[in-house]
Amino acid sequence: TAHFAVIHKNAAVRPHRDCPADLPLHLLDRGREATTIENISFDNIVMDSIYATPINISIDDCAATKCNAIRNIYFSNIHASGLEFPFFAGRKQNIIKNITLNNCTFEKAAEEDLPDYRHHGAAAWDRPLDNKLFSYVENIVVNNTSFTAR
């Protein structure tokens, strides 16, 4: 069950050309008002053979991105295996707050286990990727959750 309380006013999400050209394609909120994303729960999700990050919550470090806050995001009973671990990244002026991982398992597979990653939407980058899980995140609660690399 997912419960959403997202405030998103007069905004469009699309590629933005004001972000640095050396960064991969960025999506950002280009509305008149900054977006607040809060109070979202994800429960009972199984992902197998994921070619990218199973969870990616990030705020681009681009001044044109309008974001008030991302906070109070809850994950329960999430079980994922694939080429990457989850990724959570706020930015200096917008720290992501209150992430909860409860009863989750994340297994990072070897590239040999998923050899065709470039044909499955994961061709935007070259391996190996950074294993950093959290950047500019405050109050991370982890209960009965494992991160395993094969």
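Structural notes, computed from the coordinates. (Residues numbered from 1 in each chain as written. Predicted model: local features only at pLDDT ≥ 70, side-chain atom pairs only at ≥ 80, totals over all residues. Heavy atoms only, no water.)

**Considering the pattern of salt bridges**
Logical step 1: With the rule as written, the count across this model stands at three salt bridges.
Logical step 2: The partner of Arg-71 in a salt bridge is Glu-38, and the shortest N-O contact between them spans 2.7 Å. Remark: Glu-38 occurs in strand S4 (residues 35-50) and Arg-71 occurs in strand S6 (residues 67-82); sequence separation between them is 33 residues.
Logical step 3: On the accessibility criterion, Arg-71 (30% relative accessible area) is partly exposed.
Logical step 4: For Arg-150, the salt bridge goes to Glu-107, with nearest N and O atoms at 2.6 Å. Taken as a pair, Arg-150 in the segment after strand S12 (146-149) and Glu-107 in strand S9 (residues 105-108) lie far apart in primary sequence, 43 residues in all.
Logical step 5: According to the relative accessible area criterion, Glu-107 is partly exposed, its value standing at 30%.
Logical step 6: Through salt bridges with shared partners, one network takes in Glu-107, Asp-113 and Arg-150. (Salt bridge = Lys/Arg side-chain N within 4 Å of Asp/Glu carboxyl O. Helix = DSSP H or I, 4+ residues; strand = E, 2+ residues; numbered from the N terminus. Buried < 20%, exposed > 50% of the residue type's maximum accessible area, 1.4 Å probe, protein only.)

So yeah, pure geometry; function would need other evidence.
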